[in-house]
Amino acid sequence: MKDNVLLSVKNLSVKFKTLDGMNTIIEGNSFDVKKGEVLCMVGESGCGKSLTSLAIMGLIEKPGIAKADEIMLDGEDISGYSEEALRKLRGNKMSMIFQEPLTSLNPLFTIGNQMDEVFRLHRKMDRAECRKNSIEMLRFVGIPAPESVYKRYPVALSGGMRQRVMIAMALSCRPKLLIADEPTTALDVTIQRQILNLMQSLRKELDTSIILITHDLSVVAEMADRVIVMYAGQIVEQADVRDLFKKPLHPYTEGLINSTIRLGEKCERLKTIPGTVPNNENMPKGCRFHPRCPFATDRCRNEQPQLINVEGREVRCFRYEGSEN
Amino acid sequence: MARYLAKRILQIIPVLLILTFIIFCLVYVAGDPVALMLPPEAGTEARESLRAALGLDKPFHEQFIIYITNLLHGDFGTSYEYNQDALQLVLERLPYSAQLAAVAFVASVILGVVLGIASAQYKDTPFDLLVSALSALGQAMPGFWVAIMLILLFSVNMKVLPVSGAGGFEHIILPATTLTIMTAAKIVPLIRSNMIEVMHQDYIRTAKSKGLKNSAIVFKHAFKNVLVPVITIVAMQIPTLMGGALITETIFAWPGLGMLIYRGVANLDMSVVQAGVLMVAFITILANLISDIAYCLIDPSIRY
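The model shown is predicted, which means the values in this text are computed figures rather than measured ones. (Residues numbered from 1 in each chain as written. Chains lettered and ligands numbered in written order. Predicted model: local features only at pLDDT ≥ 70, side-chain atom pairs only at ≥ 80, totals over all residues. Heavy atoms only, no water.)

Caption draft 1: Broad picture of the overall build of chain B. When helices and strands are counted, chain B shows 15 helices and 0 strands. Projected onto its principal axes, the C-alpha positions of chain B cover 85 × 55 × 30 Å. Counting the 304 residues in chain B, one finds 44% classified as buried. In chain B, the share of contacts with a sequence separation of at least 24, taken over all contacts with a separation of at least 6, comes to 71%. Here chain B displays about 15100 Å² of accessible surface, and carbon together with sulfur accounts for 69% of that area. (Helix = DSSP H or I, 4+ residues; strand = E, 2+ residues; numbered from the N terminus. Buried < 20%, exposed > 50% of the residue type's maximum accessible area, 1.4 Å probe, protein only. Contact = heavy atoms within 4.5 Å. Areas by Shrake-Rupley, 256 points an atom, 1.4 Å probe, with all protein chains shown as cover.)

This is the structure in structure tokens:
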């Protein structure tokens with residue numbers, strides 16, 4: 001493993017046990033997260049972004065099963081860790097914030113109570129220390145009057161405030177890895193901006209690597225160092241953010257970028273990618289994207305393409321065979 | 001909080017008034033107590049004079065006003081059967097009912113919460129299926145049948161527990177068991193389904209992502225949320241156990257409120273029925289108030 005890599009995932013799959021047998025949602029995904037970088041995962045709903053992140057945290061619930069050859073986090077392979085061992089890492093070395101700030105905090109406990117838990121659990125602090133550190137964290141994420149917010153219940157806070165609390169809670173133990181699962185989707189645009197800015201500045205201050213899951217390409221453009229594009233449970237492209245926007249390789253990535261509106265561009269009708277994401281029970285044979293792909297050939301219909309290296313990036317498409325390096 | 005409480009307590013007054021009216025109406029149409037009090041050969045004149053003495057010849061609204069006025073003076077009427085003040089009778093029987101209800105309620109809540117949480121945790125395992133089957137069975141079995149089976153097993157065959165009556169602790173075991181089976185069977189599936197629902201909430205996922213132990217997640221984060229929908233239904237078991245245990249109390253000859261009301265109905269002893277039912281209604285209102293206060297303490301959004 002290279003020195004600058006914080007997280008290295010090898011061959012991660014997530015399957016669900018159903019009445020008809022095993023249903024594979026995520027298949028053989030491998031990727032690295034470098035120290036201090038923001039890695040964005042993009043893709044349509046249901047393409048497996050959230051499941052990938054939950055699998056890293058070890059939070060896939062039955063009937064789901066996550067398997068990986070290796071999940072190296074900061075030098076230790078956590079793929080075979082017991083629940084107890086993973087528990088000690090969660091909220092400590094790696095933590096997560098979620099899409100729904102309104103429902104992600106327990107409505108029946110005060111903010112302080114929920115913040116204190118992390119310090120008590122991972123840092124074995126006493127009540128006074130917990131309180132001091134929690135209030136410090138609330139202040140750190142830009143919450144005004146943290147002493148009074150500490151005593152409040154979630155119901156008294158706005159969505160943006162609650163997401164700040166979630167971020168404060170997730171960063172309490174200075175995690176090496178923060179997974180943010182669509183942290184701004186449920187928020188107003190202005191609040192979105194504030195939360196993204198906050199995450200950027202906190203990352204610099206704490207040197208935390210961030211996996212940011214989103215389906216919003218403007219968020220990607222603003223936040224990402226590198227981007228993973230997922231489609232139907234597979235990584236279809238992986239590239240630096242500039243390269244990706246400048247020259248998307250995979251037809252799906254291209255479709256995604258084309259379906260956004262650019263300022264100043266004359267646009268009669270919004271471009272879309274025809275078709276819908278395939279259902280898991282009936283994945284198309286060959287390339288999973290071929291039914292929606294304008295370049296599909298007979299080979300695409302019958303054979304699964306592998307991820308190949310092209311110009312220092314990865315893409316899962318036959319069109320780039322021969323230009324590998 | 002204090003204002004809310006004051007409001008809730010004031011609300012009790014009209015509820016009690018309406019209840020009194022309904023109970024009075026029901027008793028009014030139930031039958032003529034004079035027919036029961038006098039021997040069949042008594043003449044019309046004797047009947048009329050007794051009616052007049054009891055105030056039963058007056059029009060309906062006048063009778064009601066007299067009834068309410070008497071109630072406010074603490075006069076609940078006299079039992080024809082026991083020849084004793086009706087309220088006195090009810091108050092004498094109340095401790096017995098309270099004792100039985102307390103034992104059954106505590107046992108049901110403990111059993112219901114423990115089995116409900118456990119079967120939600122081990123959802124779809126053989127243990128969960130067994131608990132679900134048992135609670136369905138518990139709800140399906142009629143109370144009187146359970147009571148008779150328990151008597152047959154423990155009193156008649158094994159001869160370890162008394163058949164009926166009140167006395168030492170051994171007397172309370174069988175009636176309390178009967179009531180516990182019926183009540184716990186209601187609480188278990190309630191806790192189980194609410195627990196399963198709560199465990200899928202986002203804040204539980206947050207708690208897991210913080211690295212909390214499963215026990216902390218279940219007993220702290222989930223359980224308090226389970227209480228919110230469950231608390232009223234559980235609190236409402238109190239009046240059911242206190243006054244609604246008519247059949248169980250009667251079978252075990254337990255001298256409680258239920259048996260008193262049952263005998264009152266059987267003998268058309270209306271003052272006793274009225275006083276007894278009013279007491280049960282009052283307990284119901286009280287239980288309701290307690291559950292509302294408990295809500296207030298648990299859920300901050302109600303306070304806001």
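Caption draft 2: Structural context of the packing of aromatic side chains. Applying the stated criterion across every chain yields a total of 12 aromatic pairs over all chains. With 6.2 Å between their ring centres and 80 degrees between their planes, Phe21 of chain B and Phe60 of chain B make a pair best called edge-to-face. Residue Phe21 of chain B is found in helix α1 (residues 2-30), and its partner Phe60 of chain B is found in helix α4 (residues 60-72); the two are separated by 39 residues along the sequence. You can call Phe21 of chain B partly exposed: its relative accessible area is 36%. Grouping aromatic residues by their ring pairs yields a cluster made of Phe21, Phe24, Tyr28, Phe60, Phe64 and Tyr67 of chain B. Cation over ring: Arg131 of chain A sits above Tyr150 of chain A, and NZ or CZ is 5.1 Å from the ring centre. (Phe/Tyr/Trp six-rings, centres within 6.5 Å; stacked < 30°, edge-to-face > 60°. Lys NZ or Arg CZ within 6 Å of the ring centre and 35° of its normal.)

Caption draft 3: Geometry of the interface of chain A and chain B. Listed by partner, the interface residues are 30 residues for chain A and 21 residues for chain B. With both chains or domains summed, chain A and chain B bury close to 2300 Å², and 57% of this area falls on carbon and sulfur atoms. If you sort the residues of chain A by the area they bury against chain B, Leu108, Phe109 and Glu117 of chain A come out on top, with a joint share of 26%. In this structure, Glu100 of chain A engages Arg205 of chain B in a salt bridge whose closest nitrogen and oxygen atoms are separated by 3.2 Å. Counting the contacts that link chain A with chain B gives 16 residue pairs in polar contact (both at pLDDT 80 or more). Only α1 (49-57), α3 (111-123) and α6 (159-171) of chain A provide two or more residues apiece to the side of chain A that touches chain B. For the side of chain A that touches chain B, the residue count by class is 16 nonpolar, 7 polar and 7 charged. (Buried area = accessible area lost by both parts, 1.4 Å probe. Salt bridge = Lys/Arg side-chain N within 4 Å of Asp/Glu carboxyl O. Polar contact = N/O pair within 3.5 Å; in protein donor to acceptor, adjacent residues only side chain to side chain. Nonpolar A, V, L, I, M, F, W, Y, C, P; charged D, E, K, R; others polar.)

Caption draft 4: Highlighting the nonpolar core. The biggest cluster of nonpolar side chains holds 94 residues, and the ones touching the most others in it are Leu7, Phe31 and Ile211 of chain A. Counting residues per element, this core draws most heavily on α6 of chain A, at 7 residues. Contacts of Phe31 of chain A, omitting those with residues within four sequence positions, involve Leu7, Ser8, Val9, Leu39, Met41, Thr52, Ile56, Ile211, Ile228, Ile235 and Gln238 of chain A. With 34 residues, the next largest nonpolar core counts Phe64, Leu89, Val273 and Leu278 of chain B among its residues. (Core = buried A, V, L, I, M, F, W, Y, C linked by side-chain atoms within 4.5 Å.)

Caption draft 5: Local environment of the side chain of Glu249 of chain B. Residue and element names in this part refer to chain B. Relative to the assigned elements, Glu249 resides in helix α12 (residues 246-251). We note that Glu249 is buried and unpaired, the nearest opposite charge coming from Arg93 at a distance of 6.7 Å. Setting aside residues up to four positions removed in sequence, Glu249 forms contacts with Ser97, Leu100, Met242, Trp254, Gly256, Leu257, Gly258 and Met259. (Lys, Arg positive; Asp, Glu negative; His and termini not counted.)

Caption draft 6: Spatial organisation of the pattern of salt bridges. All names here are of chain A. For the structure shown, the criterion picks out 30 salt bridges over all chains. For Glu70, the salt bridge is made with Lys10, and the minimal N-O distance between the two is 3.8 Å. Taken together, the positions of Glu70 in strand β5 (residues 70-73) and Lys10 in strand β1 (residues 5-18) put the pair 60 residues apart, joining distant regions of the chain.

Caption draft 7: Broad picture of the state of the cysteines. Under the defined criterion, the tally for this structure stands at 0 disulfides over all chains. Left unpaired, Cys130 of chain A is separated from the closest cysteine sulfur, that of Cys173 of chain A, by 9.8 Å. (Disulfide = S-S within 2.5 Å.)

Caption draft 8: A look at the pairing of strand β9 (residues 209-214) of chain A. All names here are of chain A. Judged by how many residues are buried, β9 sits mostly within the fold: 6 of 6 residues are covered. Judged by which residues are buried, β9 turns out to be covered on both faces: Ser209, Ile211 and Ile213 on one side and Ile210, Leu212 and Thr214 on the other are all buried. As paired strands, strand β3 (residues 38-42) and β9 are joined by 5 bridges and run parallel to one another. Across the sheet, residue Met41 finds its bridge partner in β9, namely Ile213. Inspection of the sheet shows strand β8 (residues 177-181) paired to β9 by 5 bridges, in the parallel sense. Directly across from Ile179, in β9, lies its bridge partner Ile211. Read from β8 through helix α7 (residues 189-206) to β9, the crossover connection turns out right-handed. (Pairing = 2+ DSSP bridges. Right-handed = clockwise from strand over helix to strand, strands pointing away.)

Remember that the coordinates give geometry; whether it matters functionally is a separate question.
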